[in-house]
Amino acid sequence: MGRRVGVLGGTFDPIHVGHLVAASEVRSQLALDVVLLVVAAQPWQKTGTRALTPAADRLALVQAAVADVDGLEASSLEIDRGQGPTYTADTLAAMPDDDELFLVVGADVANLLDTWVRPEEIRARATLVVVDRPGTSVHHDELRADGWRVETVHIPLLEVSSSDLRQRLAAGRPIDFLVPPGAVREIEKRGLYARNR
Ligand code: ATP
Ligand code: MG
């Protein structure tokens, strides 16, 4: 029997409670064996806009955040593939054939799926799982009309984003409780997101 596997891709720059609550709720509500937090090496939709934190550091933060959490795992699959853009279609194709895949996205990302590369391959391989995110409503009918198998998972609305956390860190404002303690320690240890950098 294959596993039921959730795939939550992201930049995780840095990881925060929004990501973790989404992963944990999806795992519970859809009875998944595991949710993989797949750290993007070089998100093709984000290149050219700002300097990303090195992938190895972002991965270490995710690992620290899920270290003691059953059923959530950090995945370096996209980073290990090396240079060049990473496409979700390739990531899903690299998973074991008998895994049943659930691609987890926040509402903001769900509305952009038609801009993704090779969406037909993603649709064929995975069920789309859309989780709530404040400020965005999802057009499920349109997604279904486009051929997506869609599950909706309601989660507590958490108005937290990596962008806001980077601003907080740059301004010397606190990130405690928005970022899990293990990841906060890694940020400090590695001197990431420091002011004037
Ligand atoms: P950034 O502000 O840099 O874009 P982000 O907070 O959106 O960062 P990402 O790494 O871009 O984080 O997101 C990865 C995935 O997690 C996306 O599918 C996104 O929709 C989802 N996600 C991020 N934050 C939340 C949240 N607060 N609630 C629900 N889903 C979220
Ligand atoms: Mg985002």
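Scroll up a little and you will see the structure.
Residues numbered from 1 in each chain as written. Chains lettered and ligands numbered in written order. Predicted model: local features only at pLDDT ≥ 70, side-chain atom pairs only at ≥ 80, totals over all residues. Heavy atoms only, no water.

Asks: Is there a simple way to think about the sheet that holds strand E2 (residues 34–39) in this case?
Replies: Strand pairing within a sheet occurs via backbone hydrogen bonds; the two strands may be parallel or antiparallel. The 6 strands lie next to each other as E3-E2-E1-E4-E5-E6, forming an open sheet whose pairing is parallel. In this open sheet, the two strands that pair with only one neighbour each are strand E3 (72–75) and strand E6 (150–153). The mean inter-strand angle of the sheet, taken between neighbouring strand axes irrespective of direction, is 30°. When strand E1 (residues 4–10) meets strand E4 (residues 100–106), the two strands line up parallel, connected through 5 bridges. Residue pairing in the sheet places Leu8 in a bridge with Val104 of E4. Contacts from helix H1 (residues 17–29) reach E1, E2, E3, E4, strand E5 (126–131) and E6 within the one sheet, and its direction differs from that of E2 by about 150°. Packing of helix H2 (residues 55–66) onto the sheet brings it into contact with E2 and E3, and relative to E3 it is tilted by some 170°. (Pairing = 2+ DSSP bridges. Helix = DSSP H or I, 4+ residues; strand = E, 2+ residues; numbered from the N terminus. Axes fitted to C-alpha atoms, helices over the stretch in contact; angles between N-to-C directions. Contact = heavy atoms within 4.5 Å.)

Asks: Looking at this structure, how should I read the side chain of Glu78?
Replies: Within the fold, Glu78 resides in helix H3 (residues 77–80). Despite its burial, Glu78 remains without a salt bridge, the nearest opposite charge being carried by Arg81 at 5.0 Å. A polar atom in the side chain of Glu78 sits 2.5 Å from the side chain of Thr91. Leaving out residues up to four positions away in the same chain, Glu78 has contacts with Val38, Val39, Ala40, Ala41, Thr86 and Thr91. (Buried < 20%, exposed > 50% of the residue type's maximum accessible area, 1.4 Å probe, protein only. Lys, Arg positive; Asp, Glu negative; His and termini not counted. Salt bridge = Lys/Arg side-chain N within 4 Å of Asp/Glu carboxyl O. Polar contact = N/O pair within 3.5 Å; in protein donor to acceptor, adjacent residues only side chain to side chain.)

Asks: How should the packing of aromatic side chains be read in this particular structure?
Replies: The description of two aromatic rings rests on the distance between their centres and on the angle between their planes. Scanning all chains against the criterion turns up 0 aromatic pairs. The aromatic ring of Trp148 is capped on one face by Arg123, whose charged end is 5.4 Å from the ring centroid. (Phe/Tyr/Trp six-rings, centres within 6.5 Å; stacked < 30°, edge-to-face > 60°. Lys NZ or Arg CZ within 6 Å of the ring centre and 35° of its normal.)

Asks: Got a minute to help me understand the nonpolar core in this structure?
Replies: Most often, soluble globular proteins keep nonpolar side chains buried together rather than apart. Counting 34 residues, the largest nonpolar core has Ile15, Val26 and Leu37 as its most contacted members. Going through the elements one at a time, H1, E2, H2, E4, E5, helix H8 (162–171) and helix H9 (181–190) are the ones with two or more residues in this core. Counting residues per element, this core draws most heavily on H2, which supplies 5 residues. With 23 residues, the next largest nonpolar core counts Leu92, Ala107, Ala126 and Trp148 among its residues. (Core = buried A, V, L, I, M, F, W, Y, C linked by side-chain atoms within 4.5 Å.)

Asks: Explanation requested: unusual backbone geometry in the structure shown.
Replies: The phi torsion of most residues other than glycine is negative, and most of the peptide bonds are trans. A cis amide bond, omega 0°, links Asp13 with the succeeding residue Pro14. Within the secondary structure, Pro14 is located in the loop between E1 and H1.

Asks: Looking at this structure, I do not really get the side chain of His19. What am I missing?
Replies: With respect to the helices and strands, His19 occurs in helix H1. With a relative accessible area of 17%, His19 lands in the buried category.

Asks: Help me understand the pattern of salt bridges in this model?
Replies: A pair can form between side chains of opposite charge whenever their charged atoms are brought close. Across all of its chains, the model carries 9 salt bridges by this definition. In this structure, Asp99 engages Arg3 in a salt bridge whose closest nitrogen and oxygen atoms are separated by 3.2 Å. Within this pair, whereas Asp99 is found in the loop between helix H4 (88–93) and E4, its partner Arg3 is found in the segment before E1, the two being separated by 96 residues in sequence. Two residues, Asp164 and Arg168, come together in a salt bridge whose shortest N-O distance is 3.2 Å. Placement of both Asp164 and Arg168 in helix H8 is noted, with a separation of 4 residues, approximately one turn of the helix. Taking the relative accessible area as the measure of exposure, Asp164 reaches 26% and is therefore partly exposed. It is possible to trace a salt-bridge network through shared partners that takes in Asp57, Glu186, Lys189 and Arg190.

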